[in-house]
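Inside the fold
One letter stands for each residue in the lines below.
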Amino acid sequence: MAHITINGKVVKAHEGEMLLAVIKRLGIDVPALCNHEAIEPTGNCRLCMVEITRPEWEGWKKNVTSCLYPVEDGLIVNTHTPELLEIRKTLLDLQLARCPNSELIQKMAEEYGVHETSYIANVEGDNCIMCYACTRICEVLGKSAISAVMRGQKKVIAPPFGEEPVDCIGCLACAQICPTDVIPYEDKDGIRTIWKKKFELVTCKNCGKTIVTRDFADYLIEQRRIPHEYFETCDDCKRLELAKKMGGLITKAAEVAV
Amino acid sequence: MHIDTPKKLEQWRRDCRKRQDSLKKKILVCLGPGCLANGSDKILDEFKKVLKDKKAKDVSLEAVKKTGCHGFCAQGPMVVIEPGGIFYAKVKKSNVAEIIEKTLEKGEIIDKLLYSDPDNGHKYTDYKEIPFYRHQVRISLRNCGQIDPDNIEDYIARGGYAGLAKVLTDLRPKEVIETIKKSGLRGRGGGGFPTGRKWESCAQIEAPIRYVICNGDEGDPGAFMDRCIMEGDPHSVLEGMIICAYAVGSREGYIYVREEYPLAVINLQKAIETAREYGFLGEKILGSDLSFDIRISRGGGAFVCGESSALMKSVAGEVGEPRAKYIRSVQKGLHDQPTVLNNVETFATVPVIIDKGADWFVSIGTPKSTGTKAFSLAGKIRNTGLIEIPMGMTLREIIYNIGGGIPDGREFKAVQTGGPSGGCLPADKLDLPVDFDTLTKAGSMMGSGGMIIMDDRTCPVEVARYFLEFLVHESCGKCVPCREGLLQLYKYCTKITRGEATEADLALMERLSKTIVTASLCGLGQSGPNPFLSTVQYFRDEYLAHIRDRKCPGGVCRELIQYVINDKCTGCMACLSVCPVGAISGEKKKLHVIDQDKCDACGSCHDVCTFAAIDIK
Ligand SMILES: Cc1cc2nc3c(=O)[nH]c(=O)nc-3n(C[C@H](O)[C@H](O)[C@H](O)COP(=O)(O)O)c2cc1C
Ligand code: FES
């Protein structure tokens, strides 16, 4: 256990865990756009910057991204210095210039007093804030079907060579983790389309509801040893079945499920 | 031949020197990038051809040597005849026979081929007396232009691998690190981090494997110091790396070379193979316990790949994107193992420090920036080329004594150092000494050694806009302040050059720059606003002239200038015929007039006028 001081208060934390995790646990409001517990931090959005110092630094301080900075015993952290507030405000203002139509960015910027971007707004772009959450979650699944390609303003998230991603299994993790909802997909007539690739959908044998794509089911059966019966029925029907088995609760559970 | 003891190396060195001395005359033909572009390879071939056909007295075919860049690119193609350092400038293929006949056979100097000082017409025979060379001190460039990079004997004869032999026989790894620390050597790749301390941190970390990497990415457009060392003296880089490997305990090294430098790759590859053959690389180097080998890794040529963490990712075959360096790469570098990364020039300097001692190195330069630094001089300067100066020399000495000043009778306006994310310094900073800390304090930086000189017809806003555009393209695009912030700075600079910006915009740019500097993930973003910040610091009045008066004092920004014909016009019709939009009217021998509504300020008329009859307003 390490002891660190955050905004004047001494708190306990695990040596090596990232500062942002501790800050969040304490309920301190530090914005973060690219951080997510399921994925490795990369520090793209820079919003989570905090000021750190140590007694032996003799007054010297520095700003670091808390999502990437590991807890060290004795660290003194400040999360809301005037400089940090200015940095966050500017960063959100810049994000708003890039994605003027993103509701999430609008809301976050609003909280920092930015109602409209101070900069020259990008009128054509989409709402991708280039946080890499999608590519990182895909990597966690061992697929890396999409990645960030090109440089600078031209940087986009795309499958290799801009073609149908060979390794994509249509799991939707990328679309679901995306904070600004910019990854489109469609489920229609038993087919899912994402990244321009089409997938056969597995449906519930009882109610016909979509469960997962055939490729994702195969992946989970093979790689994660999930029994294949699991993909015969949807979650709701599974619950119903369980309830039935439990006798006395039948009526009530059925009501809930419907 | 395998050299397996330092003693054998010394024996071989004596043999090499004997062989070199037996060549009574040497003809050094520069095949550096500048001379090559002017056809020096044809000159080399011609020398070989003529000498093959004709048996010249005292001159053998081996006497003709191709070399790497000799430095004075503005005077290329150049040929140097040794002994005597006879320097022939702007040589043509047709001069070759005459050079052989007169200079080589009869010892006569060919006057018309000598370099003559444009100010006083003085002609120099020995290049070492030419002001361009006279004020230089060459350490990292010691062999460039002097040896054939493919011939290891040339390198050996000039003291090559003596530093390596010395560390293997006389010094323990710790002592090598102490020597480098004592020499005060700081990284030549831009950051100026003390090299000895870097090596020490790496050596102290327990790990099964450590790597040594040489950064040959050289992303600054216009800079070519590292290229010339890799092309012209590859063994010096290898020797520096091997010494480092011994000091930190590494078995594996990489040289990261950008794709645009194919000759550097070829020459380094050849040098690596030769070094293996002679026992300078591989198992049991020079018979010692040291085993180390080097591989070349080719980079795609992105500017950001020169940044240390991006470079290591690129070497490992991943996308070259920087990462946060809260854990330093000396601890966790390539493949997460402790890694020393140094610049080409840094490594090339190491063997000399070992050979001549730390005290000797400290005696050159300034107390906090010891030794020398190579620069490439470019832009509005007479003597463009590759130079190396002792640290602490002033900008004025570099630009006027070595660089020969500003051509075409124009005035100096600014000097840009530090590459695209460096800064511009104005005339009243010309007496600043060039060292790491002074340049940084003045709002620029040493960088890897690009130096661009600008004359009075330069617009600082346009300069900032130009470099920002480069950085916007080269930003890896991962973090917000760099990707979006630099883009905004670029957009606002464009607005200013068009006369569309307000003073509030300028204030916004200055505020934004602060965030970009503190919040960016890597050095590119952290120094990215420099082109803007340094120009607005020193040329604020010109920014304001664009904004308030819609005028470009430098006469560059098209939307803000007018070309007007004055009464010096002789009516020669030259401008009239080059104007692409037909904006000029007039008759022969009568004053011409420019129709301002049609004119799009391309400047063609101004360039073609020989009577100074077109003013820029
Ligand atoms: C954007 C960026 C580009 C860089 N490009 C180069 C380069 O082309 N060559 C180089 O030697 N160092 C470059 N550097 C510096 C390296 O990160 C690193 O500090 C250096 O190679 C270390 O070697 P040194 O200590 O010998 O200078 C660059 C740094 C940044 C931030
Ligand atoms: S959450 Fe730390 S940089 Fe985005």
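Placed above this text is the structure.
This report concerns the structure included in the present document. Starting afresh in each chain, residues are numbered from 1 along the sequence in its written order. Chain labels run from A onward and ligand labels from 1 onward, assigned in the order the entries are written. Only residues with pLDDT of at least 70 get local features here, since the model is predicted, and only at 80 or more are side-chain atom pairs given and counted; chain-wide, interface and lining totals rely on the full set of residues. Only hydrogens and water are set aside when side-chain values are computed; all heavy atoms of the structure are taken into account.

1. Looking at the overall build of chain A
Only DSSP runs of H or I reaching four residues or more are called helices, and only runs of E reaching two or more are called strands; each is numbered from the N terminus. Scanning chain A for helices and strands turns up eight helices and 11 strands. For the radius of gyration, the atom set is restricted to C-alpha positions; the globular benchmark scales as 2.2 Å times the number of residues to the power 0.38. Relative to its length of 258 residues, chain A is extended, with a C-alpha radius of gyration of 23 Å against a globular reference of 18 Å. Here the term buried applies to any residue with accessible area under 20% of the maximum for its type, exposed to any over 50%, and partly exposed to those in between, with areas from a 1.4 Å probe on protein chains only. Relative to its full complement of 258 residues, chain A shows a buried share of 44%. Here, two residues are considered to be in contact whenever any of their heavy atoms come within 4.5 Å of each other. Here the contacts in chain A between residues at least 6 apart in sequence split such that 50% fall between residues at least 24 apart. All accessible areas in this document rest on Shrake-Rupley with a 1.4 Å probe, and a residue is counted as covered only by the protein chains that are shown. As displayed, chain A offers around 14000 Å² of accessible surface, 53% of which is attributable to carbon and sulfur atoms. The distance from the centre of the 32 positive side-chain charges to the centre of the 37 negative ones in chain A is 3 Å. Charged residues are defined narrowly, with Lys and Arg counted positive, Asp and Glu counted negative, and His plus the chain ends left uncounted. Charged side chains are reduced to one point each, which is NZ for Lys, CZ for Arg, CG for Asp and CD for Glu.

2. Overview of the overall build of chain B
When its secondary structure is counted, chain B shows 25 helices and 19 strands. In terms of overall dimensions, chain B is globule-like: its C-alpha atoms have a radius of gyration of 26 Å, near the 25 Å expected for 617 residues. Seen through its C-alpha atoms, chain B measures out along the principal axes to roughly 80 × 65 × 40 Å. Counting the 617 residues in chain B, one finds 60% classified as buried. In chain B, of all internal contacts separated by at least 6 residues, the share reaching a separation of at least 24 is 69%. As presented, chain B carries roughly 24100 Å² of accessible surface, and 49% of it is formed by carbon and sulfur atoms. For chain B, the centre of its 84 positive side-chain charges and the centre of its 80 negative side-chain charges are spaced 1 Å apart.

3. A look at the interface of chain A and chain B
With 32 residues of chain A in contact, the opposing surface of chain B contributes 30 residues. Put simply, buried area is how much 1.4 Å-probe accessible surface two parts lose in total, over both of them, once they are put together. Summed over both partners, the interface of chain A with chain B buries about 2700 Å², with 57% contributed by carbon and sulfur atoms. Each reported salt bridge corresponds to a side-chain nitrogen of Lys or Arg within 4 Å of a carboxyl oxygen of Asp or Glu. Where chain A touches chain B, the interface holds four salt bridges. Polar contacts here mean pairs of N or O atoms no more than 3.5 Å apart (in protein, one a potential hydrogen donor and the other a potential acceptor; neighbouring residues in sequence count only if both atoms are side-chain atoms). Remark: the boundary between chain A and chain B carries 16 residue pairs in polar contact (both at pLDDT 80 or more). Breaking the side of chain A that touches chain B down by element, the ones donating at least two residues are strand S4 (62-65) and helix H2 (82-98) of chain A.

4. A few points about the sheet that holds strand S13 (residues 412-417) of chain B
All names here are of chain B. By definition, two strands form a pair when at least two bridges between them are found by DSSP. In spatial order, the strands read S12-S11-S15-S13-S14; together these five strands make up an open sheet with mixed pairing. Looking along the sheet, the strands with just one partner apiece sit at the ends: strand S12 (385-390) and strand S14 (423-426). Taken pair by pair, the neighbouring strands of this sheet meet at an average axis angle of 30 degrees, ignoring direction. Pairing of S13 with strand S15 (residues 450-455) involves five bridges; the strand directions are antiparallel. Across the sheet, the residue bridging to Phe412 is Asp455, located in S15. Axes, fitted as lines to C-alpha atoms, cover a helix only where it is in contact. Angles between the N-to-C directions of the axes lie from 0 to 180 degrees.

5. A few points about the site of ligand 1
Residues and elements named next belong to chain B. To be near a molecule or strand, a residue needs just one of its heavy atoms within 4 Å of it. The local shell around ligand 1 holds 18 residues, among which Gly189, Asn215, Asn342, Asn343 and Thr346 are the closest. Contact distances for ligand 1 include 3.0 Å between an oxygen atom and a backbone N or O atom of Glu218. Asn342 is positioned such that a nitrogen or oxygen atom in its side chain is 2.8 Å from an oxygen atom of ligand 1. Across the complex, the protein chains shield 88% of the 610 Å² of accessible surface that ligand 1 would expose by itself. Broken down by secondary-structure element, the contributors of at least two residues to the shell around ligand 1 are strand S10 (339-343) and helix H21 (523-527). If one sorts the elements of the shell around ligand 1 by residue count, S10 sits on top with three residues. Only Asp, Glu, Lys and Arg are considered charged, only Ala, Val, Leu, Ile, Met, Phe, Trp, Tyr, Cys and Pro nonpolar, and every remaining residue, Gly among them, polar. Tallied by class, residues from the shell around ligand 1 come to three nonpolar, 10 polar and five charged.

6. Comments concerning the nonpolar core
Residue and element names in this part refer to chain B. Nine residue types can take part in a nonpolar core, namely buried Ala, Val, Leu, Ile, Met, Phe, Trp, Tyr and Cys, and a core is a set of them joined through side-chain atoms within 4.5 Å. In terms of nonpolar packing, the biggest core is built from 97 residues, with Leu486 and Leu506 touching the most fellow members. It is helix H19 (residues 480-497) that contributes the most residues to this core, nine residues altogether. Residues in contact with Leu506, not counting those within four places in the same chain, are Ile496, Phe532, Val536, Arg540, Tyr543, Leu544 and Ile547. Counting residues in each nonpolar core, the second largest holds 74 residues, with Ile3, Leu141, Tyr161 and Leu290 among its members.

7. Re helix H4 (residues 133-140) of chain A
Residue and element names in this part refer to chain A. Across the eight residues of H4, six count as buried, placing the element largely inside the fold. Buried residues of H4: Ala133, Cys134, Thr135, Arg136, Ile137 and Cys138, and no others. Elements in contact with the buried residues of H4: strand S6 (147-149), strand S7 (156-158) and helix H5 (173-177). Directly beyond the C-terminal end of H4, a positive phi value near 75 degrees is found at Gly142.

8. A short note on helix H20 (residues 503-519) of chain B
One less than the number of residues in a helix, times 1.5 Å, gives the span that helix is expected to have. Its 17 residues place the ends of H20 of chain B 25 Å apart at the C-alpha level, agreeing with the 24 Å of an ideal helix rising 1.5 Å per residue. Those residues of H20 of chain B that fall on the buried side of the exposure criterion are Asp505, Leu506, Leu508, Met509, Leu512, Ser513, Thr515, Ile516 and Ala519 of chain B. Those residues of H20 of chain B that are buried are in contact with strand S3 (49-53) and H2 of chain A together with H19, H21, helix H22 (530-538) and helix H23 (540-548) of chain B.

9. A closer look at the sheet that holds strand S1 (residues 2-6) of chain A
Residues and elements named next belong to chain A. On the basis of which strands lie adjacent, the open sheet formed by five strands has the order S2-S1-S5-S3-S4 and mixed pairing. The sheet is open, and its two borders are formed by strand S2 (9-13) and S4, each paired with just one other strand. Between one strand and the next, the sheet's axes are offset by a mean angle of 40 degrees, whatever the strand orientation. Relative to S2, S1 runs antiparallel, the two being bridged by five bridges. Among the inter-strand pairings, Thr5 is bridged to a residue of S2, identified as Val10.

10. Considerations on the pattern of salt bridges
Opposite charge on two side chains permits pairing when their charged atoms draw close. Evaluated as defined, the whole model comprises 50 salt bridges over all chains. Taking the shortest distance from any N to any O, the salt bridge between Arg239 of chain A and Asp236 of chain A comes out at 3.5 Å. In this pair, Arg239 of chain A and Asp236 of chain A both sit in helix H7 (residues 235-245), three residues apart, roughly one turn of the helix. Looking at Arg239 of chain A, the relative accessible area reads 53%, which means it is exposed. Across the pair Arg298 of chain B and Glu259 of chain B runs a salt bridge whose closest N-O atoms are separated by 3.3 Å. Residue Arg298 of chain B is located in strand S9 (residues 293-299), and its partner Glu259 of chain B is located in the loop between strand S8 (252-258) and helix H12 (262-278); the two are separated by 39 residues in the primary sequence. Owing to a relative accessible area of 47%, Arg298 of chain B belongs among the partly exposed residues under this scheme. We classify Glu259 of chain B as partly exposed; its relative accessible area is 41%.

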